[in-house]
Amino acid sequence: MSLKNPYGDFEISEPQALRALAHPVRLAILEHLQRHGPATATGLSPHVGATPSVVSWHLRHLATFGLVLDWDGATSKRERWWQAAARGFRFTMPEGTEGQSASQQLRGEMFARNADAPQQWLLHEEPRLDPEWRALAGIADTRFVATADELRQLEKSIEELIAPYVRRKNDSAPPDARIVRMLRYLLPEPGDEASAEPADGPAAS
């Protein structure tokens with residue numbers, strides 16, 4: 001495991017680990033542990049749509065690749081408690097056909113899992129916000145022209161800018177701070193359109 005990135009994320013590079021995580025229940029388990037902290041298979045069950053025995057099997061599978069770990073902070077030892085290895089995860093596309101296939105499979109699961117997130121936020125979260133926070137929320141869809149190196153540097157700059165907020169401990173945050181979720185997609189287009197004029201899409205805030 002490597003945590004040498006601005007967010008302190010768990011980094012995945014092995015095709016087998018990518019395929020292990022490319023499952024809706026496993027992604028749900030890991031996301032819940034990362035957001036809400038340690039839990040048992042029984043506690044996770046209603047949140048991930050699987051029985052405790054199935055959740056327990058998926059947890060052991062995730063543990064094989066170091067994505068989850070035993071948590072020894074529980075007062076009761078009657079059930080096995082689990083924690084996420086890091087607050088987030090990231091992955092790179094390995095070389096070779098197997099690695100590219102595994103990476104595409106995980107991306108597909110992640111895209112599918114987050115596809116409905118904005119609509120769910122609009123229906124359930126946005127109505128509970130005060131006007132100040134409502135005004136800050138929004139979406140931007142922007143096209144621009146860049147080389148692979150420039151895009152790599154842009155992504156690095158964005159991460160370095162956000163990193164202090166990502167790694168901030170909850171107990172050290174200002175009293176008026178709250179959790180903010182940023183969904184950021186990088187979707188390069190085929191080279192035959194690279195000469196097209198960049199156009200700014202609609203932005204709202």
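Before going into details, it helps to say that this report is about the structure given with it. From a predicted model like this one, the values you see are computed outputs, not experimental measurements.

**Topic: a nonpolar patch on the surface**
Here is step 1: Nonpolar side chains collect at one region of the surface, where Phe111, Leu183, Tyr185 and Leu187 lie side by side and expose about 400 Å² of accessible area between them.
Here is step 2: Topologically, tyrosine 185 is positioned in the loop between α8 (148-166) and β7 (200-204).
Here is step 3: Its relative accessible area of 40% is what places tyrosine 185 among the partly exposed residues.

**Overview of the sheet that holds strand β4 (residues 81-84)**
Here is step 1: Strands sit in the order β2-β4-β3 across an open sheet of 3 strands; the sheet is antiparallel. Both outer strands of the open sheet, β2 (39-40) and β3 (68-70), are each paired with one neighbouring strand and no more.

**A short note on the packing of helix α2 (residues 24-36) against helix α5 (residues 97-114)**
Here is step 1: Viewed as axis vectors pointing N to C, α2 and α5 meet at an angle of 65°, and their least axial separation amounts to 10 Å. As summarised for this structure, α2 and α5 are arranged roughly perpendicular, according to the angle between their axes. Considering the relative orientation of α2 and α5, their crossing is right-handed. Touching Pro24, Leu27, Ala28 and Glu31 of α2 are Leu106, Glu109, Met110 and Arg113, all from α5.
Here is step 2: The residue makeup of the contact of α2 with α5, split by class, is 5 nonpolar, no polar and 3 charged.

**Overview of the pattern of salt bridges**
Here is step 1: Tallied over the full model, the rule gives 9 salt bridges.
Here is step 2: Its salt-bridge partner being arginine 80, residue aspartate 70 comes within 2.6 Å of it at the nearest N-O pair. A residue pair is termed long-range when its members are at least 10 positions apart, and aspartate 70 in strand β3 and arginine 80 in the loop between β3 and β4 qualify at 10 residues.
Here is step 3: The class for aspartate 70 is partly exposed, based on a relative accessible area of 43%.
Here is step 4: Owing to a relative accessible area of 45%, arginine 80 belongs among the partly exposed residues under this scheme.
Here is step 5: In this structure, the salt-bridge partner of arginine 134 is glutamate 126, at a minimum N-O distance of 3.7 Å.
Here is step 6: Of the residues examined, arginine 134 reaches a relative accessible area of 35% and is grouped as partly exposed.

Calculation rules
Residues numbered from 1 in each chain as written. Predicted model: local features only at pLDDT ≥ 70, side-chain atom pairs only at ≥ 80, totals over all residues. Heavy atoms only, no water. Patch = residues over 30% accessible without salt bridge, like charges linked within 9 Å, V, L, I, M, F, W, Y side chains within 5 Å. Areas by Shrake-Rupley, 256 points an atom, 1.4 Å probe, with all protein chains shown as cover. Salt bridge = Lys/Arg side-chain N within 4 Å of Asp/Glu carboxyl O. Helix = DSSP H or I, 4+ residues; strand = E, 2+ residues; numbered from the N terminus. Buried < 20%, exposed > 50% of the residue type's maximum accessible area, 1.4 Å probe, protein only. Pairing = 2+ DSSP bridges. Axes fitted to C-alpha atoms, helices over the stretch in contact; angles between N-to-C directions. Parallel < 35°, antiparallel > 145°, perpendicular 65-115°, else oblique. Left-handed = near helix turned anticlockwise from the far one by under 90°. Contact = heavy atoms within 4.5 Å. Nonpolar A, V, L, I, M, F, W, Y, C, P; charged D, E, K, R; others polar.

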